[in-house]
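Below are the chains, spelled out letter by letter.
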Amino acid sequence: MSDDASQEPAADAFAARAQADHGDSIRELVVFGDAVRGDDRGVHTSVEVLLVLEEADEEIERQLDVLAETVGLEHGVVFSVHVLPAERFDAQSDHPFVRTALEEGHSYV
C-alpha cells in the first residue's frame, strides 16, 4: 500500500496501542514526515514518529520499536520511531529535527 489512506490508520493504530501500553511514560507522540505531507515514495510508505518519554527507558524503547514493526506489517507501512527522553527534548526544543516534527506533525499526545 502506498497511498496516504494507509498511513492514517497505521499512525492511529500505533498511537492508540502505544498510549494503551505506555501512556504514563509518553509526554509527546507526534507523527510527521510522509504520513502528514502525503508524499508517495513508491513501494514503501513511511510513517515517522517522534516519541518523548518522561524518563529514558531502554525497555520501553525496545517495546515501542517492536510495536512499530508489528503495526507497520499490519498496515503495509514502515515506521521510523525517534525516541527522546523529556530532558533531552526540552534541551533541544530548537533543534531543526524537533522543530520540524512539531510544526509539520500531527500530535496524538
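Residues numbered from 1 in each chain as written. Predicted model: local features only at pLDDT ≥ 70, side-chain atom pairs only at ≥ 80, totals over all residues. Heavy atoms only, no water.

Draft legend 1. Expanded view of the nonpolar core. Phe14, Leu29, Val49, Leu51, Leu64, Phe79 and Val81 are the most contacted members of the largest nonpolar core, which has 22 residues in total. At the level of secondary structure, the elements contributing two or more residues to this core comprise helix 1 (4-22), strand 1 (26-32), strand 2 (45-53), helix 3 (58-75) and strand 3 (77-85). It is helix 1 that provides the largest number of residues to this core, a total of six residues. Contacts of Val49, omitting those with residues within four sequence positions, involve Phe14, Leu29, Val30, Val31, Phe32, Phe79, Ser80, Val81 and His82. (Core = buried A, V, L, I, M, F, W, Y, C linked by side-chain atoms within 4.5 Å. Buried < 20%, exposed > 50% of the residue type's maximum accessible area, 1.4 Å probe, protein only. Helix = DSSP H or I, 4+ residues; strand = E, 2+ residues; numbered from the N terminus. Contact = heavy atoms within 4.5 Å.)

Draft legend 2. Fine view of the sheet that holds strand 4 (residues 106-107). Within the open sheet, the four strands sit side by side as 3-2-1-4. Their pairing is mixed. Each end of this open sheet is capped by a strand with a single partner; those strands are strand 3 and strand 4. In this sheet, strand 2 lies alongside strand 1 in antiparallel orientation, the contact comprising six bridges. Residue pairing for strand 2: Glu28 is matched across the bridge by Val52. Where helix 3 meets the sheet, it contacts strand 2 and strand 3, and its direction lies at approximately 160° from that of strand 3. Against the sheet, helix 5 (residues 96-104) engages strand 1, strand 2, strand 3 and strand 4, with an angle of about 75° to strand 1. (Pairing = 2+ DSSP bridges. Axes fitted to C-alpha atoms, helices over the stretch in contact; angles between N-to-C directions.)

Draft legend 3. Broad picture of the pattern of salt bridges. Counted under the stated rule, the structure contains four salt bridges. Residue Arg27 pairs with Glu54 through a salt bridge whose shortest N-O separation is 3.6 Å. Residue Arg27 is found in strand 1, and its partner Glu54 is found in the loop between strand 2 and helix 3; the two are separated by 27 residues along the sequence. The partly exposed category is assigned to Arg27, whose relative accessible area is 28%. Among the ionic pairs, Asp90 bridges to Arg27, the shortest N-O distance being 2.8 Å. With Asp90 in helix 4 (residues 86-91) and Arg27 in strand 1, this pair connects stretches of sequence that are 63 residues apart. Each member of the salt-bridge network shares a partner with another, and the members are Arg27, Glu54 and Asp90. (Salt bridge = Lys/Arg side-chain N within 4 Å of Asp/Glu carboxyl O.)

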